[in-house]
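Residue-level structural notes
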Amino acid sequence: MPTASDTTETTKTASAGTSGTGGTPPGRSAQRGRRKPEFTARRGFLIAAFMAPAAVFVAVFTYYPMIAGSQMAFRNWKLTDLTDTSWVGLKNFRDVFADPAWGTVLGNTGIWVFGSIVPQLVIGFALALWLRRKFRFRGLYQALIFFPWAISGFLIGILFRWMFNSEFGVVNDLLQKVGLIDEPVAWLADPKTAMFAVVVANIWYGVTFFTIMILAALQSIPEELYEAAALDGAGKVRTLFQITIPYIRVTLALTVLLRVIWIFNFPDLIFGMTGGGPNNETHIVTTWMIKITQQGDYGRASALGLIVVATLLVFAVFFLLATREKREVKS
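The paragraphs below set out a description of the structure included in this document.

Basis of the calculations
- Residues numbered from 1 in each chain as written.
- Predicted model: local features only at pLDDT ≥ 70, side-chain atom pairs only at ≥ 80, totals over all residues.
- Heavy atoms only, no water.
- Helix = DSSP H or I, 4+ residues; strand = E, 2+ residues; numbered from the N terminus.
- Buried < 20%, exposed > 50% of the residue type's maximum accessible area, 1.4 Å probe, protein only.
- Contact = heavy atoms within 4.5 Å.
- Salt bridge = Lys/Arg side-chain N within 4 Å of Asp/Glu carboxyl O.
- Lys, Arg positive; Asp, Glu negative; His and termini not counted.
- Patch = residues over 30% accessible without salt bridge, like charges linked within 9 Å, V, L, I, M, F, W, Y side chains within 5 Å.
- Areas by Shrake-Rupley, 256 points an atom, 1.4 Å probe, with all protein chains shown as cover.

Here we take up the overall build of the chain. Scanning the chain for helices and strands turns up 15 helices and 0 strands. With 331 residues in all, the chain has 32% of them scored as buried. Of the contacts formed within the chain by residues at least 6 apart in sequence, a portion of 67% connects residues at least 24 apart.

Right under this line is the structure:
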């Protein structure tokens, strides 16, 4: 006759068999019981209703101006004579390329973009490596380095305009005290030095962006990789080029791409410092486009805007393809 203890053992064995491989665990059965809600017309209508305000806002304030501005590029659209907005085809584009200032503006744009992006990347990378280390008052140094990014670019331009002032600017004062110059230099009035001054200001302003992005990427690198490299006897330079840079290369590529597009479309600082002068020597494509718009020639300005969009689109495509091929080769 079975005892109470035998009954208890039988119950435990049955329950173990049910929750083991032969049965279905309670958690799994609960997960199977949770089915995703079916997509119905009501849910679709709710999703569309929530997205509609944002879609309307973007369409009205982004896509409509883009389309309207694009068609202006092919019309005779001038504020001096709004009675004649006839279709002129590619005339506005030909006028842009035939303008005597086009060569200067194009060269300035190349200096502005590539003369700024390389020092920003190098200095920002070095600062990010430094801030990754743990030391006293690191948070304070991060705040001081990140602070310039919160200031308006136009305000930064005004600040550097005073710093490069030929009479009482701090730049001339410091250079004279260390003996690098004998007399004040008219940095922003001299065509030979004006572009150099605005590029220096842009480098100072843009280093913060690279520091923020690269520091965030560096903090995602596992410490085990550095520990393994140290055990293998790898030095700092080898660790940098074989672990750090390969691990964050995607972030570096995207950051450079975003920054190039940003600098190309960044007229604020130049307008704050020089306004494009002297004699168009600091005009880039976007500042020149604004100047043409202020003159009332909307057709030519729109044509120049389409040239900017096409240039950035081509650059983005080729840059992404090049970086993707590099990643595939390395992998």
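Looking at the secondary structure, you find Ala126 in helix α5 (residues 102-132). Since its relative accessible area comes to 45%, Ala126 is described here as partly exposed. Placed 85 residues apart in sequence, Ala126 and Thr211 show a C-alpha to C-alpha distance of 8.2 Å.

Omega for the bond connecting Gly277 with Pro278 falls within 30 degrees of zero, at 0 degrees, which places this linkage in the cis form. Counting through the fold element by element, Pro278 comes out in the loop between α13 (268-273) and α14 (285-294). Positive phi, close to 55 degrees, is recorded for Asn279, a residue that is not glycine. You can see Asn279 is positioned in the loop between α13 and α14. On the basis of relative accessibility, which here comes to 66%, the residue Asn279 falls in the exposed class. With a phi angle near 65 degrees, Asn280 is a residue other than glycine that sits in the positive phi range.

Turning our attention to the pattern of salt bridges. Throughout the structure, instances matching the rule amount to 5 salt bridges. Residues Arg300 and Asp99 are paired through a salt bridge, measuring 3.1 Å at the closest nitrogen-oxygen approach. Here Asp99 lies in the loop between α4 (91-98) and α5 and Arg300 lies in helix α15 (residues 298-330), a separation of 201 residues in the sequence. Judged by its relative accessible area of 21%, Asp99 falls in the partly exposed class. Between Arg300 and Asp297 there is a salt bridge whose closest N-O contact spans 3.2 Å. Each of the two residues, Arg300 as well as Asp297, counts as buried. Overlapping salt bridges, with partners in common, bring together Asp99, Asp297 and Arg300 in one network.

For Arg259, the location among the structural elements is in helix α12 (residues 249-264). This buried residue, Arg259, is left without a salt bridge; Asp268 holds the nearest opposite charge, at 10.0 Å. For Arg259, the residues in contact, after removing those within four places along its chain, are Ile117, Gln120, Trp149, Asn202, Tyr205, Gly206, Phe209 and Phe210.

Tracing the sequence through the fold places Phe164 in the loop between α7 (153-163) and α8 (170-177). Put simply, Phe164 and Trp187 are 23 residues apart on the chain and 6.1 Å apart in space, counted from C-alpha to C-alpha. Sequence-distant contacts of Phe164, defined by excluding residues within four places in its chain, comprise Val171, Trp187, Leu188, Ala197, Val200 and Met273.

The next subject is a nonpolar patch on the surface. Residues Val56, Phe57, Val58, Val60, Phe61, Tyr63, Met66 and Ile67 make up a contiguous nonpolar surface patch of about 840 Å² in total accessible area. Here Val58 is to be found in helix α3 (residues 41-72).

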